[in-house]
Structure formats: structure tokens, C-alpha cells
Amino acid sequence: MAAYETIAFDAARCTGCGDCMSACAQEKTGGFDHAASRIQILPAANDGFELALCRQCGDPGCVSVCPAAALEKDAASGVVRWDETKCIDCLLCTVGCVYAGIAYDERTGRVAKCDLCGGDPACVKACGEGALRHVKSAQIYNRYGELEDLFVPGLAGCQGCNTELLIRHVLRAVGPETVVAAPPGCIPGMGTVGYNGKTGTKVPVFHPLLTNTASMLAGVRRTYKRKGRDVTALALAGDGGTADVGFQSLSGAAERGEEILYVCVDNEGYMNTGMQRSGCTPYGAWTSTTPVGERSHGKTQEAKNLPLLMVMHRCAYVATASTAFMEDLYDKLARAIEASKRGFAYLHIYSPCTSGWRFPSQANIEVARKAVETGFVVLWDYTPDAGLRFTRPIDDLRAVDEYLEAVGKYRHLDAAQVAHIQAQLEKDLGLLKELAVRGAQAEARALA
Amino acid sequence: MLETRYLLVGSSHAALEALAAIRMHDAEGSVLLATRDTAPPYSPTVLPYVVSGKSDPNRVRLRSDDFCEAQKVTLRSGSALASLDTAAQMARFADGTEVRYERLLLATGATPAIPKIAGLTRVQYHVLRTLDDAVRLREALGRARRAVVLGGGLVGMHAAENLVHARTETTIIEMQPQVLPGYFDAQAASLISGAFAERGTRVLCGQSVVSVAPRESGFALKLLGGERVEGDLLLIAAGVRPTIGYLSGAGVATGDGVLVDRRMRTSASNVWAAGDVAQAESFLQGGRRVNGILPNAVEQGRIAGMDMAGDPGARDYRGGVPINTYHFFGRQALSVGVDSLEGCETHVQVDEAAGRYRKIVLKDGRLAGIFSIDLPFDAGVMVELVLRGTDLAPVKQAFLENPRDTARALMSRLWR
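For clarity, every value in this text was computed on a predicted model and none was experimentally measured.

As a further point, take the overall build of chain B. Along chain B, the regular secondary structure elements total 10 helices and 24 strands. A globule of 416 residues ought to have a C-alpha radius of gyration of about 22 Å, and chain B, at 22 Å, matches this closely. For the C-alpha atoms alone, the extent of chain B along its principal axes is close to 65 × 60 × 35 Å. The proportion of buried residues among the 416 residues of chain B is 56%. In chain B, of all internal contacts separated by at least 6 residues, the share reaching a separation of at least 24 is 62%. Of note, chain B has its 47 positive side-chain charges centred 1 Å away from the centre of its 45 negative side-chain charges.

As C-alpha cells, this is what we get:
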């Protein structure tokens with residue numbers, strides 16, 4: 001079974017300009033009559049706009065009620081196809097659909113519905129506001145879904161944790177020729193290194209100390225290389241084991257250019273031991289060691305910027321990533337795997353923690369997305385040749401409140417603290433922009 | 001004797017949807033799909049279009065050739081269910097086959113109702129319920145010069161339109177005072193009859209036939225009022241009745257159809273019923289009614305299948321809502337819900353010249369019915385508004401002026 005592409009609608013960005021409907025009408029009928037458009041933008045009660053559009057359902061109601069077998073879910077593309085030569089114009093499909101996704105067109109006397117324009121929807125191209133997006137992340141599933149899941153079914157993560165998703169995706173992408181190092185933290189706690197003598201991964205895994213992950217892994221990689229085997233040396237470590245306790249061995253391995261893929265899963269604290277602060281805990285955040293009370297109002301220091309520290313080690317590859325942007329994450333994984341065959345590759349993945357950050361378990365991906373959309377987390381990557389480049393635009397960021405409000409560990413913040421955070425974000429962004437400009441210049445020079 | 005975990009009797013929408021629901025939860029359990037038909041699964045709803053030639057009888061199958069193999073289903077066609085022993089969980093078919101089932105779905109649909117008319121056995125007449133009926137009627141249509149359609153329901157009206165296109169002189173005889181009773185009110189029905197009358201069709205409402213006698217090249221009908229109508233093609237389209245003859249002595253409670261609860265369970269254990277054969281909860285009118293329309297068959301089939309397979313996602317049937325979509329002479333008529341309820345308010349909009357019509361029925365500020373001719377709306381969205389009991393008071397004026405767009409905006413906010 002395949003996963004499918006879809007059109008996503010962001011009501012907050014829609015201005016109701018109608019360009020999408022003009023484009024659709026033009027594409028499908030050659031005219032500009034909005035009534036002929038398969039996509040319908042409607043005024044909503046709150047002065048905003050809403051959408052009526054075929055969802056290309058997985059279990060389409062219109063298909064179930066068609067007496068003429070004129071509608072069919074295309075297994076390859078996912079599009080619900082309408083066969084005009086079989087259609088008897090009975091309109092029962094408009095009864096079967098509760099989303100107004102297939103509707104009667106008075107001009108033709110027949111029904112009409114969206115067919116995703118064969119994979120290149122005209123409405124999305126016409127939307128200048130970013131309210132319509134053609135979401136193709138299903139391609140990830142189609143590409144990697146066939147590969148073996150190298151993690152056993154069932155693990156002991158907290159409800160809603162995105163790290164299971166992360167581990168399974170990362171292991172699929174690196175493949176079976178891998179040795180995993182998982183130092184103390186949530187990842188082994190979830191079952192990666194296993195219980196009762198059984199490991200949770202289907203590849204060799206070991207459990208180094210918090211302090212020596214990178215150096216042990218460097219030895220493993222060198223040994224295999226000496227024996228003539230190309231094995232990916234993969235660290236799956238938390239931010240405490242990376243930024244604080246394990247930093248000395250990490251820094252050494254990076255400086256020596258050890259051929260390692262080091263993935264830091266950053267949940268901004270020591271979450272599995274009782275939610276203590278780490279060097280990656282942001283300013284203002286509640287943790288069990290930066291409590292909130294009469295005098296204390298969360299952490300008083302800034303988080304260290306670990307990925308930038310790794311840039312300063314001149315690693316073969318450094319990148320930040322988020323599970324809310326999986327296509328970006330996969331792209332970076334591929335680059336990091338390739339870089340780890342010739343030097344140190346470092347991937348810093350932000351991992352909102354449902355238990356320790358105090359937000360509902362279903363909101364993990366939403367929190368991760370808001371972090372990026374507000375610039376709290378910035379997605380970029382770096383190579384020594386091309387320098388630093390943003391992999392997601394940073395010129396249209398939302399106010400940081402939107403992110404802070406979604407996370408319980410910031411609930412106590414006063415206006416001054418929020419302003420402090422916003423100001424610090426802008427400072428950090430300024431630094432990144434400067435580096436990105438230098439990166440662009442370096443790239444231009446390299447091309448010239 | 002055959003044995004199966006699931007026995008589905010019938011091969012149209014209810015049975016096929018039940019099968020899909022079973023396979024969502026139970027990928028392996030043995031399924032036997034048994035049907036009286038010899039043709040691959042098709043929908044009775046498509047038959048008028050086979051008669052008109054719009055549908056090719058070879059292209060109406062609802063499932064592809066490899067369907068049985070892909071779904072791991074054994075198909076037995078050409079033999080109707082003859083009797084049932086619910087204690088022994090045994091079904092007997094007309095060809096003598098016995099099937100022992102663990103769970104049984106009755107989706108045997110309906111059979112044309114034949115009114116008691118003196119002399120009817122001595123003349124040839126057509127009905128329209130199977131693909132064979134449709135092919136026969138299509139052939140007869142070409143030869144007919146004067147046709148009589150008994151019954152002004154959907155089947156009768158569709159057939160009559162085909163006859164008009166074939167330039168056959170046609171008379172429609174309907175017992176009720178209007179055509180399409182139960183779907184449209186008198187006003188809408190008269191707009192529809194008008195379209196037929198304009199094209200030379202006689203529409204006789206409030207009339208019934210007392211006797212029929214053969215003539216040299218056809219038949220002559222005698223109406224209750226004394227009038228005689230002659231013709232050479234007689235189509236009986238006086239409604240359908242649930243096919244339940246095989247249930248005599250089976251211990252399954254029946255009314256007009258097979259009585260079912262909100263999970264489509266009959267009174268007998270391990271027996272479910274869905275579709276045109278079932279008499280299920282009615283959403284607006286209360287009580288249990290036979291509501292033989294395609295969307296209800298699909299919904300009931302799905303609930304029955306989920307319940308049969310023990311799917312924990314199964315939900316109770318919310319109740320049937322009368323729904324219809326009807327195309328005539330390039331125009332379209334839609335009906336959702338009921339056109340009157342105690343204490344309801346009714347808003348009618350008519351444009352006689354353009355032949356456009358719309359009626360909205362509200363009860364306690366909620367939608368109870370909406371009907372239109374050539375003023376389109378999204379029927380599925382309206383049904384959902386009815387079933388959800390959405391309070392329309394805050395948007396009442398907008399809804400009455402532009403029900404389609406107002407309902408779409410509500411849909412987008414409430415359940416999209």
C-alpha cells in the first residue's frame with residue numbers, strides 16, 4: 001500500500017483572494033468562473049476563510065455509494081478518479097460525501113471534483129500566501145516504508161514521545177550495516193539497549209558511559225574499517241550526554257575528524273532521571289532543578305548553542321532538524337550518512353518532551369512545528385565548503401508567544417521574561433544570518 | 001454441506017460494504033458471498049440507465065475480476081436463499097446447497113411489488129429490479145409504440161423518461177395524488193410532472209387499475225374511474241418489498257422488512273440484516289422503517305460488517321434519513337429529510353418561470369428537510385447537518401438565502 005500526496009490548507013494565511021479558484025477554473029474549464037473551480041474558498045464566521053475540496057479520502061464515501069462504478073480510488077496516486085464515460089449523473093456521490101468534495105456543476109450538468117492536476121495542482125501554484133501547500137511527505141513512506149524496521153515492535157517511551165518515530169526513521173535510513181551507541185538517557189531507557197539480555201535494535205548496540213560515547217564509537221568505527229567493513233557508527237544520545245557530560249569526548253572525536261554519525265536528540269534536559277536542567281535547557285524553562293515559586297522563575301541562564309559549537313569544530317556536516325519537518329530531516333540524514341564516511345557528522349534533532357515539558361501527549365508534532373515556525377528552533381545545515389545555509393526560510397516567523405503558550409514549562413513566564421526570550425532569539429538569528437551570508441559568499445566563490 | 005465464518009447473502013451495496021468492513025478487521029475469516037444473481041455484483045440503482053442506454057450492461061460491475069481473490073471471498077451466484085434454520089445456523093439455497101454459518105448477513109434487497117389487478121396473469125408485463133430485467137426492458141422499448149408505466153416512483157419516472165426519448169407514447173399511472181410521493185411535496189412533484197406533460201406524456205395521478213385484459217397486440221387497462229388505457233408495453237413499477245420469503249418459520253422478527261437494532265442485529269442471534277431488506281431506526285420520523293435507498297444501504301452494511309467482525313470501532317446506526325437525487329430531462333431534483341414534521345417551519349422559494357424550486361424545513365432551529373429543483377446544494381453536507389442536529393439559529397437568514405454556501409462554511413468549521 002502506498003501513501004499519498006495531499007493539498008493542505010492553512011486558514012490563518014488565507015486572504016480570500018480567490019486566485020486558487022481562478023487557477024482551478026482556468027485549468028479545468030478554460031474560464032475564470034469561480035463557480036467552476038473544484039476548490040472552493042468560503043467566508044467563515046470569524047471573518048476568515050474556510051475550504052471545501054475533495055480530500056481524496058482513503059475510504060471514500062462517494063465511491064461506496066456510486067451505483068455505476070464511475071468513481072474509484074486510484075491505488076497508485078491516491079486520487080479518487082471520476083470516469084465520465086461510466087457516470088450516469090445520478091448525483092448520489094454528492095450524498096455520499098459529507099465534505100462537499102464532489103459537487104454538481106450547473107454549467108455541465110455533471111459532477112466535478114479535484115484530481116490533484118495529475119500531481120501538480122494549479123491552485124497551490126497560484127496561492128501567493130502560502131495558505132495552500134502540496135504536501136508530498138508521503139513520498140518518504142513510499143521510499144522507506146519497504147525497508148526493514150530495525151527496531152523491535154513495542155517500546156517503553158512515554159506516551160506521545162517523538163523519539164520512537166525518530167529512532168525508527170533514522171535506523172531505516174542508515175540501514176542494517178550499523179553499530180549503535182546509546183549512552184544513558186531516554187533512548188536506552190525506552191528499550192534500545194534492551195531488557196533482560198535482549199536488545200531492542202536489530203543491529204549491534206552498546207551502552208557506553210555518559211562521558212565516552214564518541215570515543216568508544218570512534219574505536220568501533222576504526223576497528224571495522226581496519227577489518228575492511230564499511231559500517232556506519234551511529235550515536236543516539238540525549239542533550240545531557242552530548243552537551244554536558246559527554247562533551248569532552250565528543251569535542252575530541254569531532255576535532256580528530258572521526259568517521260561517526262552523531263545524532264543528538266535534544267529534549268532540553270535530563271528527562272528520564274527526573275527532568276533536571278541541562279546545558280541545553282532554555283532560559284525561563286521550568287525543570288525540577290530550576291523550579292518555579294516565589295523567588296525562582298525557571299532557568300536564569302541561556303541554553304548553549306550546541307550545533308553552532310559543532311560548526312566551530314569544522315565537522316564534515318552539521319545540521320539541525322525537527323520531526324515536524326520530516327522531508328527536511330530525511331534530506332539531512334542522507335547528507336549526514338554520506339559525510340560520516342569521510343568525517344564527523346553531527347545532527348541535532350529537537351525533541352519536545354511530553355512528560356517533562358508539560359503539554360498534552362497528542363501535541364508533540366504541533367509543538368515541534370511551532371518551535372520552528374516561531375524561530376525558537378532554526379533549521380539549517382553546514383559543510384566546511386558551503387558554510388551555513390537555512391533549509392527553511394526565516395523571514396516570516398511568528399511571535400514566540402505562540403510557541404511558549406503551547407508548552408507547560410513556560411506557563412509561569414512574565415512579560416519581561418518573554419521579551420527577554422524574543423530578544424535573545426533575534427540576537428541568535430542575527431548571528432546565524434551573518435554566518436549564512438558568509439556561507440553564501442563561500443559558495444559563490446567556490447562556484448566561480 | 002459448506003461451512004463458513006461469514007455468510008453474506010446478497011451482492012449489492014450493503015453486502016459489499018459489509019465485506020469491506022469485515023476485511024478491515026478480520027483479514028482471514030472465511031467469507032461466502034451468495035447471490036441469486038448470475039451477473040457480477042451491480043447496483044439496482046443503475047438499472048434505469050441500462051434501460052436508457054447510458055450505461056453499458058457490461059460496464060456496471062461494482063467490483064473487478066480479481067476482487068474475490070484479493071478479498072479472499074468465495075462467490076456463489078445464481079441461487080437464492082430458500083430457508084433458514086437460525087438455531088442450527090444453517091442456510092439452505094434454492095439449488096439445495098446447505099451452508100453452515102457462524103455469522104450471517106441478510107442483504108437480500110427487495111423485490112418488485114405486484115399490485116392485485118384482475119387479469120394480470122394473462123398479459124405480459126415488465127418489472128425492473130435485476131440486470132436481466134433491464135436488458136429485457138431495453139429490448140422491448142425499441143418495439144413499443146404505446147407504453148403504460150404503473151407507478152410514479154423513481155423507477156417508473158426514469159423508465160418513462162426513457163420512453164419519451166424513444167418517442168413512445170407514454171402514460172404514467174400513480175395511485176397517490178402526485179408523482180414521487182415520499183420524496184417530494186406536491187409543489188415540486190407538479191413541476192416534475194409538468195416537464196413530462198410538456199413532452200406529451202400523460203400523467204394520471206390518484207388513479208388505480210382495476211383490471212387488465214389482453215388485446216391483439218398488447219393489453220387494455222381499466223381504471224377505477226372507468227377509463228380505458230391501451231398499450232403494448234406494460235411496466236409495473238409500483239414500489240418494492242423487502243425480499244424476506246425465505247424467513248417463514250425462521251424465528252427472525254419481521255415487520256415490513258427484517259427488524260434490526262442500531263447494530264443491524266436481527267432478533268435471531270448471529271444474524272444481521274442491512275440494506276433494502278432491513279427495517280431500521282428512522283432518524284427523523286422515529287420508530288423503525290424500511291428506507292430502501294442506496295446511501296442507507298452502504299451505511300447499514302458497514303455497521304453490520306463491523307459488528308459481525310467484532311470491530312471495536314463499530315458505532316450505532318444514527319438512523320435513516322430519506323434522501324434522493326433525481327435527474328430528469330437534464331434538470332436535477334434533490335431531497336433530503338422530511339417535508340413536514342409537527343411544529344416545523346417551512347420556507348418555500350419558487351421561480352415558476354425558470355422552474356426552480358426550494359423548500360427548507362426547520363424544526364426547533366434545526367434542519368429537518370431540504371428539497372430543490374435546479375437549485376443545487378451538497379446533499380451529503382445537508383444530511384450531516386440533519387444527523388448532527390446542528391443549531392442553525394445563528395445563521396438562519398444566511399442559510400435560507402444560500403443554503404449551499406452556508407452549509408459548506410458550517411461543514412468546514414464543524415467537521416472538515
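Regarding its fold elements, chain A presents 15 helices and 16 strands. In terms of overall size, chain A behaves like a compact globule, its C-alpha atoms giving a radius of gyration of 25 Å where 448 residues would be expected to give roughly 22 Å. Based on the C-alpha atoms only, the size of chain A along its principal axes is roughly 75 × 55 × 55 Å. Going through the 448 residues of chain A one by one, you find that 52% of them count as buried. A separation threshold of at least 6 residues defines the contact pool for chain A, and within that pool the share at least 24 residues apart is 65%. For chain A, the exposed surface amounts to about 19700 Å²; the carbon and sulfur share of it is 51%. Computing the positive centroid from 46 side-chain charges and the negative centroid from 51, chain A places the two 7 Å apart.

Let's shift gears to the domain arrangement of chain B. All names here are of chain B. When the domains of chain B are assigned, the result is domain 1 (2–110 + 241–308), domain 2 (114–238) and domain 3 (330–414). Tallying the contact residues gives 18 residues for domain 1 and 13 residues for domain 2. Approximately 1400 Å² of surface area, both sides summed, lies buried where domain 1 meets domain 2, with 63% of it carried by carbon and sulfur atoms. Between the two partners, domain 1 and domain 2, sit 1 salt bridge. Close ionic contact of R129 with D276 constitutes a salt bridge, the shortest N to O distance being 3.1 Å. For the pair domain 1 and domain 2, the number of links is 5 residue pairs in polar contact (both at pLDDT 80 or more).

Another point: the domain arrangement of chain A. Taken domain by domain, chain A holds domain 1 (6–139) and domain 2 (149–447). Its C-alpha centre places domain 1 of chain A at a distance of 39 Å from the equivalent point of domain 2 of chain A.

Counting residues at the interface gives 39 residues for chain B, matched by 35 residues for chain A. Here chain B and chain A share an interface that buries about 3200 Å² over both sides, 56% of which is from carbon and sulfur atoms. It is R59, R408 and R416 of chain B in chain B that bury the most area against chain A; as a group they hold 20% of the surface buried on that side. Across the salt bridge formed by R59 of chain B and D83 of chain A, the nearest N and O atoms sit 3.4 Å from each other. Across the contact surface, chain B and chain A share 12 residue pairs in polar contact (both at pLDDT 80 or more). If you list the elements that add at least two residues to the side of chain B that touches chain A, you get α1 (13–25), α7 (294–308), β20 (323–328), β21 (331–337), α8 (379–388) and α10 (403–414) of chain B. Tallying contributions element by element places α10 of chain B first for the side of chain B that touches chain A, with 7 residues. A breakdown of the residues in the side of chain B that touches chain A according to their chemical character gives 15 nonpolar, 10 polar and 14 charged.

Across its 13 residues, helix α6 (residues 186–198) of chain B extends 18 Å between first and last C-alpha, which sits within 8% of the 18 Å expected from 1.5 Å per residue. Listed in full, the buried residues belonging to α6 of chain B are A188, A189, L191, I192, S193, A195 and F196 of chain B.

Below, the discussion takes up the packing of aromatic side chains. This structure, assessed with the given rule, holds 9 aromatic pairs over all chains. Ring centres of Y403 of chain A and Y410 of chain A lie 6.2 Å apart, and the angle between their planes is 55 degrees; this geometry places the pair in the tilted category. As far as the burial class goes, Y403 of chain A and Y410 of chain A line up, both buried. Put simply, the rings of Y262, F344 and Y346 of chain A touch in pairs and so form one group of aromatic residues. When the ring centre of W357 of chain A is taken as origin, the NZ or CZ atom of K409 of chain A, which lies over that ring, is 3.9 Å away. The ring of F329 of chain B has R199 of chain B sitting right over it, with the charged end atom 4.0 Å from the ring centre.

Residue and element names in this part refer to chain B. Strand order across the open sheet formed by 5 strands is β20-β21-β24-β23-β22, with antiparallel pairing between neighbours. Of all the strands in the sheet, just β20 and β22 (345–351) have a single pairing partner and so form its edges. Ignoring strand direction, the axes of neighbouring strands in this sheet form an average angle of 10 degrees. Pairing between β22 and strand β23 (residues 356–363): 7 bridges, direction antiparallel. Looking at β23, one finds that V348 is bridged to K359. Where α6 meets the sheet, its contacts fall on β20, β21, β22, β23 and β24 (366–373), and the angle it forms with β20 comes to roughly 25 degrees.

Cut-off values and rules
Residues numbered from 1 in each chain as written. Chains lettered and ligands numbered in written order. Predicted model: local features only at pLDDT ≥ 70, side-chain atom pairs only at ≥ 80, totals over all residues. Heavy atoms only, no water. Helix = DSSP H or I, 4+ residues; strand = E, 2+ residues; numbered from the N terminus. Rg over C-alpha atoms; globule rule 2.2 N^0.38 Å. Buried < 20%, exposed > 50% of the residue type's maximum accessible area, 1.4 Å probe, protein only. Contact = heavy atoms within 4.5 Å. Lys, Arg positive; Asp, Glu negative; His and termini not counted. Charge placed at Lys NZ, Arg CZ, Asp CG, Glu CD. Areas by Shrake-Rupley, 256 points an atom, 1.4 Å probe, with all protein chains shown as cover. Domains from an automatic or database assignment. Buried area = accessible area lost by both parts, 1.4 Å probe. Salt bridge = Lys/Arg side-chain N within 4 Å of Asp/Glu carboxyl O. Polar contact = N/O pair within 3.5 Å; in protein donor to acceptor, adjacent residues only side chain to side chain. Nonpolar A, V, L, I, M, F, W, Y, C, P; charged D, E, K, R; others polar. Expected span 1.5 Å × (residues − 1). Phe/Tyr/Trp six-rings, centres within 6.5 Å; stacked < 30°, edge-to-face > 60°. Lys NZ or Arg CZ within 6 Å of the ring centre and 35° of its normal. Pairing = 2+ DSSP bridges. Axes fitted to C-alpha atoms, helices over the stretch in contact; angles between N-to-C directions.

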